[in-house]
Amino acid sequence: MNLNSEAIIFGIIMINTIIAILYMIIMWFIKRQPHVFLRGVTMLLCPVVGILCYFFCFLFELLFPNGNVDYDNLSMDKSKKEFLETVDKEHEMEVLPLEEVLTVSVAKDRRRAMLNMLKMDISEKLSLVRKAVENDDSETSHYAAAALTDVFNQFNLQLNDIQVKYDNDRTDQKTNVEFLDIVLRILNSGGLLGVEETKYYYMYINLVLNLEKYHPEAITETYYAMMVSALEKVGRVQDAEEWAEKSLKWQPEVEQSYLNVMYIKYILGKEEEFQEVLKKLTGSNIALSQKGLDIVRFWLVK
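Residues numbered from 1 in each chain as written. Predicted model: local features only at pLDDT ≥ 70, side-chain atom pairs only at ≥ 80, totals over all residues. Heavy atoms only, no water.

Enquirer: Any chance you could explain the confidence of the model for the protein chain here in plain terms?
Expert: One rule of thumb: low pLDDT means the predicted coordinates there are not for detailed reading. Looking at the protein chain, the pLDDT average stands at 81 and 78% of residues meet or exceed 70. Low pLDDT, under 50, characterises residues 87–96; the stretch is placed with 8 contacts to residues that sit more than four places away or in other chains. (pLDDT = per-residue confidence, 0-100. Contact = heavy atoms within 4.5 Å.)

Below you can see the structure in the form of C-alpha cells.
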C-alpha cells in the first residue's frame, strides 16, 4: 500500500468520524433519543457503510412515511410482542364482567360498558342492570333504568297477550306452558325485588296448579324446581315440601327431584330426612351434573 492510498483511507476515516460525531450531536439536540448514539457508534465502526445505511433509511422514511417509531417501546421479547398484538382495549372493555366495570372503572368506562351491554339481549341479565341503576354515576344509572323499564314493558306486552288467551281457555296446554315460560323467564332474570317479585311468584304458582289440574304430565323438572322455590319464598313451606316430594315421586330418575327435596328438608331443619335423600341420590344410577356433584361432595365431606 503506497502513501497515496494510506492518505485516502485516512481521509475517509476522518470524514466518516466527523460525520458520525456531528450526527450524534445534531440528532441528540433534535430528537433527544438514546438511539442516535447507537447509530453514531455504528457509523464509527463501519466507515462509509454505516453512513450509507442510515442515509438510505432516511430517504426511505421520506418517500414512505409511516408515522414515528416509539423506540422506548421496542423490544425483542416474544411475550411482549404477543401481548401487544392481542390486546384491544376497546374490545376488552366490552367483554369485561359488568360487575367489575361498575365497581372499579372510571365513569366513562362504565357508560361505555353499559351501552355495549344494552346492544345485547339483557332479559337474562337484569340483576346486573338493576345493580347499575344504583351506580353513583348518574348517566350510567339513567341508561340502566331506561333499559330496565324497556325490558319490563316488553315482558308486560307479552303477558297481556298471553293472559287474554289463557283466560279464554285455561285447559289449553300450549297457552298454559307459554304463559309459564314467560313468567319463569321474568323470575330468572334477577330484575325483580320485594312485592314485585312476590307478585310473579304467586302468578307462577297459580299457573303450575292450573297445569297440574289439566295436564300434570306437562310439568317438567324445571317447573317443579321453581314451584318448590316459589312456595318457599312466599312462606308456604309445607306446600313446598309437598311439591318437592311430588317431584321425586313422579320423576325419580331426575337429579333435580332429589335436589328439590334436599333443599326443602334443609330449610325445615329435617336433618335425618335430608341425609336419607342424599344417600338415595348417591346410591342411584343418575349421572350427576357439576352442580349435583358439588352439592354431594360438600355434604359428604361434612
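What follows picks up the thread again.
Enquirer: Looking at this structure, how should I read the pattern of salt bridges?
Expert: Where charged atoms from two side chains of opposite charge approach closely, those side chains can pair. Scanning the entire structure with this criterion turns up 8 salt bridges. With a closest N to O distance of 2.9 Å, glutamate 241 and lysine 270 form a salt bridge. Note that glutamate 241 is positioned in helix α13 (residues 237–250) and lysine 270 in the loop between α14 (255–268) and α15 (271–283), a separation of 29 residues in sequence. Relative accessible area serves as the criterion here: at 30%, lysine 270 is assigned to the partly exposed category. We note a salt bridge from glutamate 273 to lysine 265, for which the minimum N-O separation is 2.4 Å. The class of glutamate 273 is partly exposed, set by a relative accessible area of 34%. The network of salt bridges with shared partners includes Glu241, Glu245, Lys265, Lys270 and Glu273. (Salt bridge = Lys/Arg side-chain N within 4 Å of Asp/Glu carboxyl O. Helix = DSSP H or I, 4+ residues; strand = E, 2+ residues; numbered from the N terminus. Buried < 20%, exposed > 50% of the residue type's maximum accessible area, 1.4 Å probe, protein only.)

Enquirer: In this structure, what is going on with the environment of methionine 114? I would like to understand it.
Expert: Position of methionine 114 among the secondary structure elements: in helix α7 (residues 107–118). Since its relative accessible area comes to 0%, methionine 114 is described here as buried.

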